[in-house]
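# Chains, contacts and geometry: an overview
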Amino acid sequence: MNPPTRLIGLREDAVLAWADGVLTITHPFGTVTARGLTPGIAALLQELPGTLADEDELAERLLAAGGTSQEVALFYLALSRLRPVLVHALEPLLRVVPIARDAVFEPPALSADDTVRLSRFALVRRSGEGLILESPLSRHRVTLTEEAMPLIAALGRGVLVKEAPEALGHLVAAGLAGADEAEEEHPALRAWEFHDLLFHSRTRVGRHDQPFGATFRFLAEEPPEPVAKPLPEGPAVELFRPSLDAAAAADPPFTTVLESRRSVRAYADEPLTVRRLGEFLYRVARVRGVFGPAPGMPYEASSRPYPGGGAAYELELYLTVGRCDGLDSGVYYYDPFGHRLIRLPARDQDARAMLATASVSTGGTAQPEVLITMTSRFRRMSWKYSGLAYAATLKNVGVLYQTLYLVATAMGMAPCGLGSGDADLAARTFGLDWATESSVGDFLIGGAPRVPGS
Ligand SMILES: Cc1cc2nc3c(=O)[nH]c(=O)nc-3n(C[C@H](O)[C@H](O)[C@H](O)COP(=O)(O)O)c2cc1C
């Protein structure tokens, strides 16, 4: 095979401005400036967005236009300084494209007999019309052609540098492959799992060029998911609505609640009553009001006792009841608008499996009375947010946990957050489509055991 052709370019969306002897290159993720260039060099660089060119041919054009050898030397110096923001192509194999402000493209010192392997954080996926190779450790994205695939496949195990020096040089320079075991031995990197590091890199800004934040990407295409989930069919159980004045008068002071809050995995001999469960859900999760659409918020939102990103309140609560005085054991959906439970036609073995899974999460300590499972109607968030939708949902789960903890503590109940649950089992139990609405949090609640001596 012929050696691939090295070409350089700039991203199509790079905007170049030449003023007062300073060339400014602006990308969606940041700006770099190059000083001390000649107008001829600036004019050549201004041709680069969206195209690919051979460095030496550009230099020859500089000479042909009357440039001096010093100007050519200055041109090569400018390219080496701008290397991190250039597109580096190896035709016909791959293109390395910068995607973040602090992109690094350092041609590595590789020996012919070094073995290079793909980073264990790298992934190949379809994006738009083609395949891309990317990694949370890289501030570049590599677009791949079919000709590159045998090499990428071989890089899973390792390829000698001398077998593909140019391509391996580019992949190592962009941080997608490595020549040694550094990644396995790095104390921080070895602790990251593939999916966690990818999630971390893509759900905050700084390391990617993807749309981010409240972009309302589906605004023109479809309405948002409704503020209220359409109620499932089933018998309704109206819940007790407490007086908030009476609750406030009976509650311990805030600092006492905060300081006495504990995770409790044992329960009172007498089961929790449905009246207490009603008061608890009312104080944690009911809808206090609905508002919007409003300027900047083109959707209906709601107000609840716990905070929620964008007031979208994508989280739904389901109760798997093992033991509760006044409420049949079974599976229920909590309607936060009507403050009632809707009994779901779940199979007994699924309900038992939900409680058993929760018990396992406590190391077998708790024999759950009531399991509260939070699901997310994901499209409530992804209709509005790009990049951070799922990360925000998990944060919403966290604040809901804390609200459950504090209200339970104030009411003298036994609360315990759980770190994991079975999302497939939950979808089956609640009759949900996993990709549309699946479980993201689990919480146990029951009557607090009497503290010995109190
Ligand atoms: C997000 C989260 C996940 C948790 N996961 C579990 C769990 O899976 N099993 C469990 O028994 N406790 C779990 N807990 C409870 C913690 O173990 C507990 O909060 C921690 O040990 C501190 O004790 P304290 O809550 O009594 O102050 C979790 C708590 C949180 C906030």
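Here, every reference points to the structure presented above.
Notes on the structure in this doc start here. Predicted, not measured: the structure shown is a model, and the values here were computed from it.

Here we take up the site of the ligand. Lining the immediate environment of the ligand, one finds Arg261, Arg262, Ser263, Arg265, Ser361, Thr362, Tyr401, Tyr405, Cys416, Gly417, Leu418 and Gly419. Between an oxygen atom of the ligand and a side-chain N or O atom of Arg261, the distance comes to 2.8 Å. One nitrogen or oxygen atom from the main chain of Gly417 is found 3.0 Å from a nitrogen atom belonging to the ligand. Summarising the interface, the protein chains cover 55% of the accessible area of the ligand, which totals 610 Å² for the free molecule. Elements with a contribution of two residues or more to the shell around the ligand: α13 (389-410) and β23 (413-418). Here the shell around the ligand is composed, by residue class, of four nonpolar, five polar and three charged.

Here is the key point about a regular strand: its side chains alternate between the two faces of the sheet. With eight of eight residues buried, strand β21 (residues 370-377) is to be regarded as a mostly interior element. As paired strands, strand β18 (residues 315-321) and β21 are joined by seven bridges and run antiparallel to one another. Bridging across to β21, Glu316 finds its partner in Thr375. Inspection of the sheet shows β21 paired to strand β24 (residues 437-447) by eight bridges, in the antiparallel sense. The residue of β24 that forms the bridge with Thr373 is Asp442.

What follows covers the packing of aromatic side chains. One pass over the full model with this rule turns up eleven aromatic pairs. On the basis of an interplanar angle of 80° and a centroid distance of 6.3 Å, the ring pair of Tyr299 and Trp383 is categorised as edge-to-face. Of this pair, Tyr299 sits in the loop between β16 (289-291) and β17 (301-303) while Trp383 is found in the loop between α12 (378-382) and β22 (385-386), placing the two residues 84 residues apart along the sequence. The same class applies to Tyr299 and to Trp383, which are both buried. Clustering of aromatic rings is evident, with ring pairs tying together Phe199, Phe378 and Tyr390. Over the ring of Tyr333 we find Lys229; its NZ or CZ atom is 5.9 Å from the centre of that ring. Lying over the aromatic face of Phe240, Arg275 brings its terminal NZ or CZ to 3.8 Å of the ring centre.

You can see Ser382 is positioned in helix α12. Ser382 sits in the buried class, given a relative accessible area of 14%. Excluding its chain neighbours within four sequence positions, the residues that come into contact with Ser382 are Arg217, Phe218 and Ala389.

A separate point is unusual backbone geometry. Of note, the amide linkage connecting Glu91 to Pro92 takes the cis form, showing an omega dihedral of 5°. Relative to the assigned elements, Pro92 resides in the loop between β6 (87-91) and β7 (94-98). For the peptide bond that leads from Gly292 to Pro293, omega is -5°, which places it in the cis range. Take Pro293: it is sitting in the loop between β16 and β17. The residue His339 is not glycine, and still its phi comes out positive at about 45°. In this fold, His339 is placed in the loop between β19 (330-335) and β20 (340-343). The class of His339 is buried, set by a relative accessible area of 1%.

A separate point is the pattern of salt bridges. Inspection of the entire model under this criterion finds 21 salt bridges. For Arg101, the salt bridge is made with Asp102, and the minimal N-O distance between the two is 3.8 Å. The class of Arg101 is exposed, set by a relative accessible area of 53%. Residue class for Asp102 comes out partly exposed when judged on its relative accessible area of 42%. In this structure, Asp335 and Arg340 form a salt bridge, with 2.9 Å as the shortest nitrogen-oxygen distance. Taking the relative accessible area as the measure of exposure, Arg340 reaches 24% and is therefore partly exposed. Each member of the salt-bridge network shares a partner with another, and the members are Arg11, Asp13, Arg141 and Asp209.

Thresholds applied
Residues numbered from 1 in each chain as written. Predicted model: local features only at pLDDT ≥ 70, side-chain atom pairs only at ≥ 80, totals over all residues. Heavy atoms only, no water. Near = heavy atom within 4 Å. Polar contact = N/O pair within 3.5 Å; in protein donor to acceptor, adjacent residues only side chain to side chain. Areas by Shrake-Rupley, 256 points an atom, 1.4 Å probe, with all protein chains shown as cover. Helix = DSSP H or I, 4+ residues; strand = E, 2+ residues; numbered from the N terminus. Nonpolar A, V, L, I, M, F, W, Y, C, P; charged D, E, K, R; others polar. Buried < 20%, exposed > 50% of the residue type's maximum accessible area, 1.4 Å probe, protein only. Pairing = 2+ DSSP bridges. Phe/Tyr/Trp six-rings, centres within 6.5 Å; stacked < 30°, edge-to-face > 60°. Lys NZ or Arg CZ within 6 Å of the ring centre and 35° of its normal. Contact = heavy atoms within 4.5 Å. Salt bridge = Lys/Arg side-chain N within 4 Å of Asp/Glu carboxyl O.

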